[in-house]
Amino acid sequence: MEQRYDIVVVGAGMAGASLGAALGGRARILVIEAEDRPGYHSTGRSAAFWTESYGGPGVQPLTTASGPMLRELGVLAPRAALTLGREGQEADVADFAARYRDIGVEVELLDRAGIERHVPRLRPGWSCGALEPSCCDIDVAGLHQHYLAQGRRTGVDLWCRAALAGAQRIPAGWMLALSDGRRVECGILVNAAGAWADAVARIAGVRPIGITPYRRTVVQLAVSAAVPADLPLVLDISESFYFKPESGRLWLSPHDETPSAACDAAAEEIDIAIAIDRFEHVVDWRIERLEHRWAGLRSFTPDRLPVYGFAPQDAAFFWFAGQGGFGIQTAPAAADLAARLLLAEPGGAVDPQPYSPSRFS
Ligand SMILES: Cc1cc2nc3c(=O)[nH]c(=O)nc-3n(C[C@H](O)[C@H](O)[C@H](O)COP(=O)(O)OP(=O)(O)OC[C@H]3O[C@@H](n4cnc5c(N)ncnc54)[C@H](O)[C@@H]3O)c2cc1C
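Residues numbered from 1 in each chain as written. Predicted model: local features only at pLDDT ≥ 70, side-chain atom pairs only at ≥ 80, totals over all residues. Heavy atoms only, no water.

Description of the site of the ligand
Then, in step 1: Surrounding the ligand, one finds 38 residues, the nearest of these being Glu 33, Thr 43, Leu 164, Gly 324 and Gln 329.
Then, in step 2: A distance of 3.1 Å is found between an oxygen atom of the ligand and a backbone nitrogen or oxygen belonging to Ala 48.
Then, in step 3: A distance of 3.4 Å is found between an oxygen atom of the ligand and a backbone nitrogen or oxygen belonging to Gln 323.
Then, in step 4: Relative to its unbound accessible area of 1000 Å², the ligand is 97% covered by the protein chains.
Then, in step 5: Looking at the shell around the ligand residue by residue, the class counts come to 20 nonpolar, 13 polar and five charged. (Near = heavy atom within 4 Å. Polar contact = N/O pair within 3.5 Å; in protein donor to acceptor, adjacent residues only side chain to side chain. Areas by Shrake-Rupley, 256 points an atom, 1.4 Å probe, with all protein chains shown as cover. Nonpolar A, V, L, I, M, F, W, Y, C, P; charged D, E, K, R; others polar.)

As structure tokens, then:
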């Protein structure tokens, strides 16, 4: 006889792991993961920061609500973020600061002397900046492991090397076929499959939303001068780079966003060259070595807000996808929101309405 669960969650990245942990002990939960180990795709490739302005005002409520929970777990370390503007972009930087101040984010406007204090050997041409003192580094692996451990403690089953291969609708929910030959019955199927979210919807016969994966590249550089440990996360108001210190090295991204198939993403030479060229226009620091390179997929819905809720066409199919570039920093609040919807529990820190799948119907 097939095993039966109340809820099967597809994907054990940050989304599936955090939701499994939020549901553990309150229903019979199975999380299935196609890979050998959880966290192999986007979750294992992030730049590991928590910044209230990242992802835009529509994402900020989830990020801000997650802050206290992440702090309580001890996975945040102070960093600060500095968004730089070139000469002529002073109004853009001021608008950026005003937009986030209006929704309660602390942002300080800086002139050239102010930004030089934070970024040594800054090249000419950069005239202003917006400093967000609240930005932190996140211990991503620690957070992911915390959720997996909490799931284990509360009776959540996790099966790796078990991809969802088929899903047939039955009166009591779903009969699922897995790639390892097992069959499982469940009441609700949760789609937390990251870049594969539309593919999972198709398997279940649910209309896809149009979630598109985009490749993003990061390189780890050793530079000639010591990287100040208190260097903020430095971003460009025009979104052409960001960099931050990491254990005496620098993590640098060209802020690329190349549409991709859902796949095991890898860094391309051209994106690495672009990253280094852009970096050399920001600071006068000699690059000694390129130590690591990687890329991952950031998957967005058409309006770039995540999608959390039951599919309008099928009350046994739940979307938990489209976490874009903010799926780590929003994980606690997003998992709480989704668990409340799944268990029909009122309350919660964030209004679920803006993230409802019904906006795409
Ligand atoms: C370079 C980079 C930098 C980033 N920086 C940050 C940052 O600083 N802060 C931040 O908050 N976010 C950041 N992000 C975004 C963040 O990493 C993602 O939003 C988050 O990891 C998404 O988690 P996920 O669980 O949805 O996806 P994933 O981690 O990709 O997990 C989805 C899982 O589903 C599994 N799966 C797919 N299909 C099936 C199937 N049919 N059956 C079973 N399993 C399946 C996959 O194997 C995968 O493990 C960054 C992303 C990238 C790429």
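Moving on from the coordinates now.
Section: the domain arrangement of the protein
Quite often, the size of an interface is put as the accessible area lost when its parts meet.
Then, in step 1: Examined at the domain level, the protein breaks down into domain 1 (3–44 + 140–210 + 303–360) and domain 2 (81–133 + 212–300).
Then, in step 2: Taken together, the contact pairs 13 residues of domain 1 with ten residues of domain 2.
Then, in step 3: Between domain 1 and domain 2 the total buried area reaches about 980 Å² when both faces are included, carbon and sulfur atoms providing 51% of it.
Then, in step 4: The largest share of the area that domain 1 buries against domain 2 comes from Ala 195, Arg 304 and Gly 324, three residues that together contribute 45% of it.
Then, in step 5: Applying the counting criterion to the domain 1 and domain 2 interface returns one salt bridge.
Then, in step 6: With its nearest N and O atoms 2.8 Å apart, the salt bridge here joins Arg 304 to Glu 257.
Then, in step 7: Taken together, the residues of the side of domain 1 that touches domain 2 break down into four nonpolar, eight polar and one charged. (Domains from an automatic or database assignment. Contact = heavy atoms within 4.5 Å. Buried area = accessible area lost by both parts, 1.4 Å probe. Salt bridge = Lys/Arg side-chain N within 4 Å of Asp/Glu carboxyl O.)

Things to note about the pattern of salt bridges
Then, in step 1: Using the criterion set out here, one finds 23 salt bridges in the structure.
Then, in step 2: Asp 6 serves as the salt-bridge partner of Arg 28, at 2.9 Å between the closest nitrogen and oxygen. Of this pair, Arg 28 sits in the loop between α1 (14–23) and β2 (29–32) while Asp 6 sits in strand β1 (residues 3–10), placing them 22 residues apart in sequence.
Then, in step 3: Relative accessible area serves as the criterion here: at 46%, Arg 28 is assigned to the partly exposed category.
Then, in step 4: Given a relative accessible area of 27%, Asp 6 falls into the partly exposed group.
Then, in step 5: Between Asp 137 and Lys 244 there is a salt bridge, and its shortest N-O distance comes to 3.0 Å. Of this pair, Asp 137 sits in strand β8 (residues 136–138) while Lys 244 sits in strand β15 (residues 242–246), and the two are 107 residues apart along the sequence. (Helix = DSSP H or I, 4+ residues; strand = E, 2+ residues; numbered from the N terminus. Buried < 20%, exposed > 50% of the residue type's maximum accessible area, 1.4 Å probe, protein only.)

As for the state of the cysteines
Then, in step 1: Overall, the coordinates contain zero disulfides when judged by the stated rule.
Then, in step 2: Of all cysteine sulfurs in the structure, the one in Cys 186 sits closest to Cys 160, which takes part in no disulfide; the separation is 18 Å.
Then, in step 3: Classification of Cys 186 by relative accessible area gives buried; the value is 0%. (Disulfide = S-S within 2.5 Å.)

Thoughts on the side chain of Glu 33
Then, in step 1: With respect to the helices and strands, the residue Glu 33 is situated in the loop between β2 and β3 (49–50).
Then, in step 2: One buried charged residue, Glu 33, forms no salt bridge at all, with the nearest opposite charge on Arg 37 at 9.1 Å.
Then, in step 3: Within polar-contact distance, the side chain of Glu 33 engages the backbone nitrogen of Glu 35 at 2.9 Å. (Lys, Arg positive; Asp, Glu negative; His and termini not counted.)

What about unusual backbone geometry?
Then, in step 1: Although it is not a glycine, Ser 247 adopts a positive phi angle of roughly 50°.
Then, in step 2: Owing to a relative accessible area of 70%, Ser 247 belongs among the exposed residues under this scheme.
Then, in step 3: Backbone geometry places His 255, a non-glycine residue, at a positive phi of 60°.
Then, in step 4: Within the fold, His 255 resides in the loop between β16 (249–253) and β17 (258–259).

Some points on α1
Then, in step 1: The element α1 is largely enclosed, with a buried count of nine among its ten residues.
Then, in step 2: Of all the residues in α1, the buried ones are Met 14, Ala 15, Gly 16, Ala 17, Ser 18, Leu 19, Gly 20, Ala 21 and Leu 23.
Then, in step 3: Structurally, α1 contributes buried residues whose contacts are with β1, β2, α5 (140–153), β12 (183–191), β20 (314–321) and α8 (331–343).
Then, in step 4: A positive phi of about 85° marks Gly 25, the residue just after α1.

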